[in-house]
Amino acid sequence: MGSYFIPDMDKQLQINVFRAGIAQFVTFSDLEWEALTQYLNFSTLNKKEYFAVEGKVCDYMAFIVKGAVRYYHDKDGQEITGYFSFENEFASSYKSFIKRTPSTNYIQALEETQLILISHNNFQKMLDNQLLGLKIERFGRLIAEYYICCYDDRVTSFILQSPEERYTAIEKTRPDIFQRVPQHFIANFLGITPVSLSRIRKRTLSK
């Protein structure tokens, strides 16, 4: 994973963005937040660089300050895209991160991606911290629920929705995805061919 020097002002801005992002799960007092920031690391991924790799334990949970990543599995040499994460979202091979088991998927940067990281070691230290422990435990549980809900939504969409309905849903929730993610990745995510995606887009535009 890449890393880079961040001037103090830029680092503080990123921490502020992270504080706003984590508030959807847990809020911290100023004293608690000062303690929490001591456990954070900063990094960047260049385009196509990996955050998590199949077969290796994922050591970090990341908050995306800027950029985008793709989750995918490799089945007999064929990449199967399962999910995307963008700014103000968390990214991790979470089961691997928590259970310390090898990751079953890849997480790859789609563009230069700035991250705030929590290592597994620091996560355990925060759980043991008397000031932070209870809130970090709650945060860990809510993050797990978040991933479960994302997975449930993903499975449900393939059972109940047509490819065009899945396309419309992603168009509404993430309209910038078509400018930021290669079309063949989006088609793969929707479970269709790039040609079918092009036809769906044309039909949608004509409406």
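Calculation criteria
- Residues numbered from 1 in each chain as written.
- Predicted model: local features only at pLDDT ≥ 70, side-chain atom pairs only at ≥ 80, totals over all residues.
- Heavy atoms only, no water.
- Helix = DSSP H or I, 4+ residues; strand = E, 2+ residues; numbered from the N terminus.
- Rg over C-alpha atoms; globule rule 2.2 N^0.38 Å.
- Buried < 20%, exposed > 50% of the residue type's maximum accessible area, 1.4 Å probe, protein only.
- Contact = heavy atoms within 4.5 Å.
- Areas by Shrake-Rupley, 256 points an atom, 1.4 Å probe, with all protein chains shown as cover.
- Lys, Arg positive; Asp, Glu negative; His and termini not counted.
- Charge placed at Lys NZ, Arg CZ, Asp CG, Glu CD.
- Pairing = 2+ DSSP bridges.

- You'll find the protein chain entered in an unreviewed UniProt entry as Crp/Fnr family transcriptional regulator, with Pedobacter rhodius given as the organism.

**Considerations on the overall build of the protein chain**
Argument step 1. The helix and strand inventory of the protein chain stands at 9 helices and 8 strands.
Argument step 2. Against the 2.2 N^0.38 benchmark of 17 Å for 207 residues, the protein chain shows a C-alpha radius of gyration of 18 Å, consistent with a compact globule.
Argument step 3. Of all 207 residues assigned to the protein chain, the portion counted as buried reaches 43%.
Argument step 4. Pairs at least 24 apart in sequence give 73% of the contacts found in the protein chain among residues at least 6 apart.
Argument step 5. Surface accessibility of the protein chain: about 11500 Å² in total, with carbon and sulfur atoms responsible for 54%.
Argument step 6. Computed over 25 positive and 24 negative side-chain charges, the separation of the two mean positions in the protein chain equals 6 Å.

**Observations concerning the pairing of strand S7 (residues 106-109)**
Argument step 1. Here S7 shows two buried faces, one formed by Tyr-106 and Gln-108 and the other by Ile-107 and Ala-109.
Argument step 2. The sheet contact formed by strand S2 (residues 50-52) and S7 spans 2 bridges and is antiparallel. Within the sheet, the bridge partner assigned to Tyr-50 lies in S7 and is Gln-108.
Argument step 3. Sheet topology note: the strand S4 (residues 69-75)/S7 ladder contains 4 bridges and is antiparallel.

**Quick look at unusual backbone geometry**
Argument step 1. You will see that Asn-88, though not glycine, has its phi angle at about 65 degrees, which is positive.
Argument step 2. Here Asn-88 lies in the loop between strand S5 (78-85) and strand S6 (90-91).
Argument step 3. The class of Asn-88 is partly exposed, set by a relative accessible area of 40%.
Argument step 4. At Arg-100, a residue that is not glycine, the phi angle is positive and equals roughly 60 degrees.
Argument step 5. By relative accessible area, Arg-100 is classed as partly exposed at 31%.

**Considering the pairing of strand S8 (residues 113-119)**
Argument step 1. S8 sits mainly inside the fold: 6 of its 7 residues count as buried.
Argument step 2. Relative to S8, strand S1 (residues 41-45) runs antiparallel, the two being bridged by 5 bridges. Looking across to S8, one finds that Leu-45 is bridged to Thr-113.
Argument step 3. By the bridge criterion, 6 bridges tie strand S3 (residues 60-66) to S8 in an arrangement that is antiparallel. When the sheet's bridge partners are listed, Lys-66 is paired in S8 with Gln-114.

**Concerning the sheet that holds S3**
Argument step 1. Taken together, the 4 strands give an open sheet; going across it, the order is S1-S8-S3-S6, and neighbouring strands pair in antiparallel fashion. Of all the strands in the sheet, the pair left with one neighbour each is S1 and S6.
Argument step 2. Both S3 and S6 contribute to a ladder of 2 bridges, which runs antiparallel. Directly across from Ala-62, in S6, lies its bridge partner Ala-91.

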